[in-house]
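# What the coordinates show
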Amino acid sequence: MTLTGQTEPLEILIVGGGPAGLAAGAEAARQGVPHIVLERGELAQVVVWYQKRKLVMSEPADLPLHQDHPLKFQEGPREAVLQAWTEGTKAAGTNVRTGPANEVLAIEGSKGAFTIQLRVGNRLAARHVILALGQSNLNRFDCPGADLPHVAYQLSDPGEHEDQKIVVVGVGDAGIENALALCNRNEVSIVNSGTEFPRAQARNQDLLYRAIAAKQVLHYTNAQVKRFEERAIIIVTNEGEVRIEADLVICRIGARPPTEFLKRLGITPASKDPNAVPPVSETYESVVPGIYLVGAVIGYPLIKNCLNQGYEAVGTSCASPLNRRTSPSCAACSPTRGSRARWPKISRASNARSPSSLRSPTCSSETSSGRRRSYAPSPVK
Ligand SMILES: Cc1cc2nc3c(=O)[nH]c(=O)nc-3n(C[C@H](O)[C@H](O)[C@H](O)COP(=O)(O)OP(=O)(O)OC[C@H]3O[C@@H](n4cnc5c(N)ncnc54)[C@H](O)[C@@H]3O)c2cc1C
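The structure reproduced in this document is the subject of the present report. (Residues numbered from 1 in each chain as written. Predicted model: local features only at pLDDT ≥ 70, side-chain atom pairs only at ≥ 80, totals over all residues. Heavy atoms only, no water.)

Another point: the overall build of the protein chain. Within the protein chain, the secondary structure is distributed over nine helices and 19 strands. If you take every contact in the protein chain between residues at least 6 apart in sequence, the share linking residues at least 24 apart comes to 65%. Surface exposure of the protein chain reaches about 16600 Å², of which carbon and sulfur atoms provide 52%. (Helix = DSSP H or I, 4+ residues; strand = E, 2+ residues; numbered from the N terminus. Contact = heavy atoms within 4.5 Å. Areas by Shrake-Rupley, 256 points an atom, 1.4 Å probe, with all protein chains shown as cover.)

Have a look at this one:
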């Protein structure tokens, strides 16, 4: 059965309502392409999960957003970014559905005739699918005590914490930002499996070094988490086992890519490296024709990359020969408004490089093995 009221297959079905998926949806709406964005959480769920009042950075500085991008983005507080995307999504006329019922469980069929199974039991038909799945499955510890109530994986509002002993595990941007937001009013320690902060943005590294030097944050280096106890965390360092008292432990130890979901579609990572991402073509098409991958799921950990890729993928999927042959009503593909005609301009805005080379200097650890970088910290073993 198809979803009530759907008489024609959608031109593009977009899975994931983060920056990449919302950008694809807004661009499809603007081009008059029949589409839908399905998000199992809230609009921009990952950004909703950022700590309140977090400064959302607009990196890399040398990568412009497409000039006519339908979604606005500039550095600012989390709340302003969310408001801009909520308003932008509405203004563009994006057809977006949010909430657990809209989780996509399975995709069957082939290019031009996909059937998409939702959690509620409805099915949708679409000619092309853009997967903007991100990597929102948070890693968790499974050592003893990991389910104690003082062990958390998110920080919602730093303002809610005062005069507490707080330990942050993980030294990527997420962990560093949590520690910095808490250290003025609490006793904060940060647990680092190494000695430096190679995965964090330069700005965050700098701020953390200053906070450590000012003794606002206590830095445990070469440390591994052993277990959690009532109001404590036990780590092992080069000096041996250390017990740190803690009212709260915030573990920011990365997120898993949706590898199993992708494998069921026939899309596998480029290598056996656990951080490997699936390969895509110049047009973001995966090894399954008609299924496109954009954003963090292919290893682009920053919002500007995701916004640009979502926008670009609409152009590339709509410009496909199949679409031109079977969908004369697709406005984006008409000779006058064709996305192909606009494509060279779009490509130049992205430095005319392939998706895998669009990475900025700050997120350039991707290699031919297709390794993924993450905004989240590297796992502490
Ligand atoms: C704490 C933190 C702070 C960050 N700060 C910054 C920053 O300051 N600047 C910056 O540029 N980047 C930042 N990032 C990174 C940025 O958030 C990500 O790069 C970006 O959100 C990735 O966008 P995306 O659209 O690819 O995926 P996501 O934002 O992860 O969106 C994917 C969406 O898909 C949904 N989804 C997944 N599977 C399904 C399914 N089967 N069915 C339906 N929906 C599904 C998820 O619920 C999710 O909402 C930060 C990340 C974190 C964790």
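Taking burial as the measure, the six residues of strand β15 (residues 232-237) include five buried ones, the bulk of the element. Sheet topology note: the strand β14 (residues 224-229)/β15 ladder contains five bridges and is antiparallel. Considered in β15, the bridge of V225 is made with I235. Linking β14 back to β15 in an antiparallel pair, the connection comprises two residues, with R231 at a positive phi of about 55 degrees. Pairing of β15 with strand β16 (residues 240-245), which is carried by six bridges, proceeds in the antiparallel orientation. Bridge pairing in β16 links A232 to E245. (Buried < 20%, exposed > 50% of the residue type's maximum accessible area, 1.4 Å probe, protein only. Pairing = 2+ DSSP bridges.)

Remark: the centre distance and the inter-plane angle together describe each pair of aromatic rings, the angle taken between the planes. Taken as a whole and judged by the stated rule, the model has three aromatic pairs. Consider the rings of F73 and W85, whose centres lie 5.9 Å apart with planes at 45 degrees: the pair is tilted. With F73 in the loop between β3 (55-56) and β4 (76-77) and W85 in helix α3 (residues 78-92), this pair connects stretches of sequence that are twelve residues apart. A relative accessible area of 0% means that W85 is categorised as buried. Of note, K54 hangs over the ring of Y50, and the distance from its end group to the ring centre comes to 5.1 Å. (Phe/Tyr/Trp six-rings, centres within 6.5 Å; stacked < 30°, edge-to-face > 60°. Lys NZ or Arg CZ within 6 Å of the ring centre and 35° of its normal.)

Once that is clear, we can look at the site of the ligand. Residues in close proximity to the ligand total 33 residues, the closest being E39, Y50, M57, A296 and P301. The separation between an oxygen atom of the ligand and a polar side-chain atom of K54 is 3.0 Å. Separating an oxygen atom of the ligand from a backbone N or O atom of A296 is a distance of 2.8 Å. Burial of the ligand by the protein amounts to 93% of the accessible area it has alone, namely 1000 Å². (Near = heavy atom within 4 Å. Polar contact = N/O pair within 3.5 Å; in protein donor to acceptor, adjacent residues only side chain to side chain.)

Moving on to helix α5 (residues 202-213). Helix length check: α5, at twelve residues, gives a terminal C-alpha distance of 16 Å against a target of 16 Å (1.5 Å per residue), a fit within 8%. Here α5 has its buried residues at N204, L208 and A211. One face of α5 carries all of its buried residues, which in axial projection span an arc of 60 degrees. Across α5 from its buried face, at more than 90 degrees, point the exposed residues A202, R210 and A213. Residues of α5 that are buried sit in contact with α4 (173-182), β12 (187-191) and β13 (217-220). Count one or two residues on from α5 and you reach K215, which has phi positive near 60 degrees. (Expected span 1.5 Å × (residues − 1). Arc of directions from axis to C-beta.)

Moving on, we get to unusual backbone geometry. Glycine aside, negative phi is the norm for most residues, and most peptide bonds take the trans geometry. Note that the residue after E59, namely P60, is joined by a cis bond; omega there is -10 degrees. Topologically, P60 is positioned in the loop between β3 and β4. Residue R231 is not a glycine yet carries a positive backbone phi of 55 degrees. Its location among the elements puts R231 in the loop between β14 and β15. Of note, Y284 is a non-glycine position whose phi angle comes to about 70 degrees, a positive value.

What follows covers the environment of I130. Tracing the chain through its elements places I130 in strand β8 (residues 123-131). Judged by relative accessible area, which is 0%, I130 ranks as buried. C-alpha separation for the pair I130 and V37, spaced 93 residues apart in sequence, amounts to 9.3 Å. Discounting residues that sit within four places of it in the chain, I130 has contacts with I12, L13, I14, V15, A24, Y292, V294, A313, V314 and S317.

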